[in-house]
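Examination of the molecular architecture
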Amino acid sequence: MTFADIAFKNVRKKFGSYMIFFFSTAFSVLIFNLFCSIYYNPAFEAFRFGTRKMSVLFRGSAIAIFLFAAVFVLYSGSFFLKSQKKEIAIYSLLGMRKGMIALMMFLETFFIGLLAIAVGILAGTLSSGYAVSLLLHFMAESTDVVFSVEPESIIVTILAFLLLFALSAVRAYRAIYKYSLIDLLTASKQSEGVPKYSLFGALSAVLLLAAGYIITTVMDIDVGGMKLMRPTLISGLCILFGTYLLFRSFIPMTVSAVKRKKQLYYKTSNFISISQIAFRLKGNSKMLTVIALLTATTITMISASYSFYSVIGGDGTRSYAPYSYLAKNIDGEQHDRILKTVSDIGEISIVSENKIELINIQLQNDNYAVKDQQTGAAEAGLLTGGFLLSESMYRKIIEQTHTPKGDFSETRTDFGGGLDNSSCFFIDGNAVEDFCRDLPGQKMNVKAAGETAAYTVTGVSLHKYIGALDLYKSPTIVVSDENYQQYYSRTSPDNIDTFYAFVFDDDMRSGSTVKAINEFIPARFHLGGLPGNMSYIEIYKANFALFGSYAFIGFFLGTLFSLASGSVLYYKLIMEAQEEAPRYAILRKTGMKKREVQASVAKQLGLVYGLPLLAGLVHTLFGLLLYNRALGEMSSQTPTLSNAAIVVLAYVGVYGIFYALSVKSYFGIVFKGAEGSTE
């Protein structure tokens, strides 16, 4: 019998103990292969290049999956090696040289890896067509997907994970030489020591977490560049180190305080579970920190992506494209050609059309400023560019786009009309209400056609009535029709921006028509991922292409992270159970009943699973509150927290399965032969 035969036999004999590790690892291979298959699938080719390029997103996700799988495999491998120390010691006593043992361990680890790769690639290949279809559905694309096997994705997956499992096997091979025979024989008796903590560490945990949370609450999310990165980085580091110290010092100190409550502590099940928690926190602090942060990242990522995804088809799209199609400064021939194209294709019809003429002006108010979206700078009182719009046209826009009533919203307005020749309605170009909320009752100075006049502001709004990009940082003054006509008659045509705004009877069926129109209407925008002209269907698809892929990636990565987190905890606890079995044997002999052992195990593991989950949920809450602030007024239409509750329930459900499996396995190990004991 060769070493390969022995290793293969060991894998078959111990496959039950490898099952969860194998399942999680195979799932990592599956997800990695799926992302590679999507990238190489012909149906996805249009999204890899050009203005809708998302190759970086999927390549980055695949790399993140591989790195996460590497950490998981190497970390789990250390658990298996620890559980096999006694077996290795027996081989040594039987005369087997370390080189032979190391080779056998290498092959055993490698066989598991090969099996996981084979199962993962097979499952990934068979499900890749469904995954691409799901992704295109998330992206609001109707492309038909034909099942195909992508050789490139299979090759990349095999090479990547062969390298990973080879490294894991080499690591196991080298580890054999680090241990003496006495270390191997006494491995199960080696403890991690009673955890030490400091009052300084506990206080630091509270202060760091408080600082991180406060920064996320008060940081200015409207600034860009380093001004935004700096507080984000500081907050992240505070939460990272605060979480570590929470498990390293604060919780052990709390457990120590509980142990002084004699009435609570000296109950049998409490005595065991509290002692075990205190005993194990030192070795688990890093792992619990990682799981808490991973929990927060997973839930925040999925909740934020799905929440935004759920609203981009409504207000999220209307804020950019309130009209079905918008053409700027076109001539009469181009206008007539648009009408003919719509008629010839025949997939939709034009319900209404507007010729919106905006007069370019300059305006000034001592308390008003336009905020720079990159630097966050805003200096009040400066003369700034803007537009002049007639009251009747604004009313017509509101009616044709079915704009709902509401204040301080990019897709709503509370304009009531009734303007006289000395008053105006102010539409702010900023994305936030900070600089216009207090303007009602104040004078707005308007400079146009060589003259300056002052108008009393009767009301304000953030309404982006022809789209957010067209009105980017450009406020609008709505005046009476009489005043508008006077300005219009004195203004040069070069200072008037003319928009032709069309409303179709069915925006979602206008794709071919819009594509044909764009062939002869010059593009106005050159922003990656956005169409050259504003149309509802293109903005809708652009939003879904981006955030649909985010939701898709978040779903799969969230599933992978939750499985891996549960697996790591499971194997860590099972290793500890093997070390604790002799202690529970002594307790059984002293009369500890089976149900008391069950209660002790359930409480102990409940704390190990519950503490990082609770910490992660608190981190998630502040992360989602920050995300909601970043959305600005759109947060009122984005059900982030309610969606997060659904995600939390799903995550807790998966977590609970691992908890139940851990309790069952842990109890089975520490209570062998319990069937004959006192009930």
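Residues numbered from 1 in each chain as written. Predicted model: local features only at pLDDT ≥ 70, side-chain atom pairs only at ≥ 80, totals over all residues. Heavy atoms only, no water.

Let us look at the packing of helix H13 (residues 332-345) against helix H16 (residues 511-518). Between two packed helices, the angle of one axis relative to the other and the distance separating the axes together describe the packing. Close contact between H13 and H16 brings their axes to 10 Å; oriented N to C, the two are set at 145 degrees. Between H13 and H16 lies a crossing of right-handed hand. Where H13 approaches H16, its residues Ile338, Thr341, Val342 and Ile345 are matched on the opposing element by Ser512, Thr513, Ala516 and Ile517. A class-by-class count of the residues in the contact of H13 with H16 yields five nonpolar, three polar and no charged. (Axes fitted to C-alpha atoms, helices over the stretch in contact; angles between N-to-C directions. Helix = DSSP H or I, 4+ residues; strand = E, 2+ residues; numbered from the N terminus. Left-handed = near helix turned anticlockwise from the far one by under 90°. Contact = heavy atoms within 4.5 Å. Nonpolar A, V, L, I, M, F, W, Y, C, P; charged D, E, K, R; others polar.)

Throughout the structure, instances matching the rule amount to six salt bridges. One salt bridge connects Arg437 with Glu433, and the closest N-O pair in it is separated by 1.8 Å. By relative accessible area, Glu433 is classed as partly exposed at 25%. Residues Arg490 and Glu451 are paired through a salt bridge, measuring 3.3 Å at the closest nitrogen-oxygen approach. Here Glu451 lies in strand E6 (residues 451-461) and Arg490 lies in helix H15 (residues 481-490), a separation of 39 residues in the sequence. Of the residues examined, Arg490 reaches a relative accessible area of 37% and is grouped as partly exposed. Of the residues examined, Glu451 reaches a relative accessible area of 42% and is grouped as partly exposed. (Salt bridge = Lys/Arg side-chain N within 4 Å of Asp/Glu carboxyl O. Buried < 20%, exposed > 50% of the residue type's maximum accessible area, 1.4 Å probe, protein only.)

Moving on, we get to the confidence of the model for the protein chain. Parts of the model with low pLDDT should not have their predicted coordinates read in detail. Mean pLDDT for the protein chain: 79, with 74% of residues reaching 70 or above. A low-confidence stretch, residues 673-679 stays under pLDDT 50, and its non-local contacts, those more than four residues away or across chains, total seven contacts. (pLDDT = per-residue confidence, 0-100.)

Further remarks concern the packing of aromatic side chains. Using the criterion set out here, one finds 12 aromatic pairs in the structure. The cationic tip of Arg490 hangs over the ring face of Tyr487; the distance from NZ or CZ to the ring centre is 5.3 Å. (Phe/Tyr/Trp six-rings, centres within 6.5 Å; stacked < 30°, edge-to-face > 60°. Lys NZ or Arg CZ within 6 Å of the ring centre and 35° of its normal.)

In this structure, Phe35, Phe161 and Phe552 are the most contacted members of the largest nonpolar core, which totals 86 residues. No other element matches the 19 residues that helix H17 (residues 536-589) contributes to this core. Ignoring anything within four residues of it in the chain, the contact list for Phe161 reads Ser28, Val29, Phe32, Phe66, Ala69 and Ile117. Residues Tyr309, Ala321, Leu326 and Tyr536 belong to the second largest nonpolar core, which totals 31 residues. (Core = buried A, V, L, I, M, F, W, Y, C linked by side-chain atoms within 4.5 Å.)

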